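Below, each chain spelled out in residue letters.
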Amino acid sequence: MRAAQKLYKNGSYDNQHGDELTGNGAVLVLAFGGKGVLETDSIYSQLKADHPGAEIVICSTSGEIFDDAVYDDTASVVIMEFEKTQLRSAKININSALNSFEAGKVLFERLNSKGLAYVLLLSDGGSVNGSELVRGIECVNQGKVPVTGGIAGDGDKFKYTLVGCNEEPARGNIAAIGFYGDSLKIGHGSLGGWEIFGPEKRVTRSVSNRLYEIDNKSALEVYKQYLGKYADELPGSALLFPLYIRADGSESSVVRSILSIDHDAQCMVFAGDIPQGAHIQFMKANFDKLINAAKCAADNTLNRIPGKISAKPKLALLISCVGRKLILGNRIDEEVETVKEVFGNDTLLSGFYSYGEISPINYNTKCKLHNQTMTITTFDEEPIADGLSQITATAT
């Protein structure tokens, strides 16, 4: 496998580095860009001209990760060239699907054939229910193939997002890339680093990603009590206080962030489902713990890839939550820098800040939609006699 990257900034590409590409084998080009850049500049046309025959996937972001820094209003581009791994893309627009669950089923079924080793998923973040999307995928997959990825972003505006798969990016699109063969080496890990506080409560009324009641009281009023002085700054301040969600009868958990508040319906709208009957607790940010969690996610991913004794993976794809970016503010580069320290200069870093991260919870388990995490996927290629080696390390 070979990997190279370049940064599109102020109308041109610079900071190009990585391997020299041969033009042989399957090629995947990923471009993560600010929505304004994607709407006004000919990013797709340029990439298509530069990499004919490649699979090209583009998505809008809430910040672009390039090497050890975070940018806005740029496009972070990474090119992966595989010697033995084969690629196949699938795409669907949510408007042509019955719902997000069915969209996930359809996408995975299009890719689910002999030799499928891994799926990378990038989805619209405005009109797609991310929880239902991954639930539809796992209805077919059942945790047999690792699936990671993220939900496109729109800065801190939360209006609409763009995704494109071998075409200009547009609203409502969901793109999936299937990787095939036994030479692919994938590692993935996800960690949050948030502090849980307050007693555990129960969701007594919710519908999909809309939360109405906690312990038979107005969820919005309960939330405002916990926010205190930050209540007047809702919904923006809610990113400082996500929810820890544990399904009834389960030990596994996810974190959920508020996207908006429906004052007419007196409910909060989250970036993922809030199951009725689930147990919840409030969470708060600790800057140092957030940054340390990014390092731990990198450590877990790197140290548990079978067969990697000394060599580092070619590429680490970082997908982190917009909430972390807004909270860390001018310290945001520290999150990426600490990951860079783990992987070193031999591994390219690329990625974006998202409206949701997709990763399994444990080794060889179904993928889940996460919020407020740093999720890392590493890519490398090596002939392996006994098939795909994979590992997952995930915690909240």
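Residues numbered from 1 in each chain as written. Predicted model: local features only at pLDDT ≥ 70, side-chain atom pairs only at ≥ 80, totals over all residues. Heavy atoms only, no water.

### As for the pattern of salt bridges
As enumerated under the stated definition, the model contains 14 salt bridges in all. In this structure, aspartate 19 and lysine 314 form a salt bridge, with 2.9 Å as the shortest nitrogen-oxygen distance. Of this pair, aspartate 19 sits in the loop between strand E2 (12–18) and strand E3 (26–33) while lysine 314 sits in the loop between helix H6 (287–303) and strand E22 (315–321), and the two are 295 residues apart along the sequence. The exposure class of aspartate 19 is partly exposed, given its relative accessible area of 25%. A network of salt bridges, in which partner residues are shared, links Asp288, Arg331 and Glu334. (Salt bridge = Lys/Arg side-chain N within 4 Å of Asp/Glu carboxyl O. Helix = DSSP H or I, 4+ residues; strand = E, 2+ residues; numbered from the N terminus. Buried < 20%, exposed > 50% of the residue type's maximum accessible area, 1.4 Å probe, protein only.)

### What to know about unusual backbone geometry
In this structure, aspartate 73 is a non-glycine residue whose phi angle is positive, near 60 degrees. Take aspartate 73: it is sitting in the loop between strand E6 (69–71) and strand E7 (75–82). Although it is not a glycine, asparagine 166 sits at a positive phi angle of roughly 60 degrees. Mapped onto the secondary structure, asparagine 166 falls in the loop between strand E11 (163–165) and strand E12 (173–180). Of the residues examined, asparagine 166 reaches a relative accessible area of 25% and is grouped as partly exposed.

### Here's the deal with the sheet that holds E12
The mixed open sheet is built from 6 strands, whose spatial order is E8-E12-E9-E10-E24-E25. Strands at the two margins of the open sheet, each flanked by one partner only, are strand E8 (86–93) and strand E25 (367–370). The mean angle between the axes of side-by-side strands here comes to 15 degrees, regardless of whether they run parallel or antiparallel. Sheet analysis places strand E9 (residues 116–123) next to E12, joined by 7 bridges and oriented antiparallel. Across the sheet, the residue bridging to valine 119 is glycine 178, located in E12. (Pairing = 2+ DSSP bridges. Axes fitted to C-alpha atoms, helices over the stretch in contact; angles between N-to-C directions.)

### Examining the sheet that holds strand E4 (residues 55–60)
Strand order in this open sheet of 6 strands is E2-E1-E7-E3-E4-E11, and the pairing throughout is mixed. Looking along the sheet, the strands with just one partner apiece sit at the ends: E2 and E11. Looking at each pair of strands side by side, their axes are set apart by 15 degrees on average, direction ignored. Pairing of strand E1 (residues 2–9) with E2 involves 5 bridges; the strand directions are antiparallel. Paired with alanine 4 across the bridge in E2 is glycine 18. Contacts between helix H2 (residues 43–50) and the sheet are confined to E1, E2, E3, E4 and E7, with E4 contributing the most and set at about 160 degrees to the helix. (Contact = heavy atoms within 4.5 Å.)

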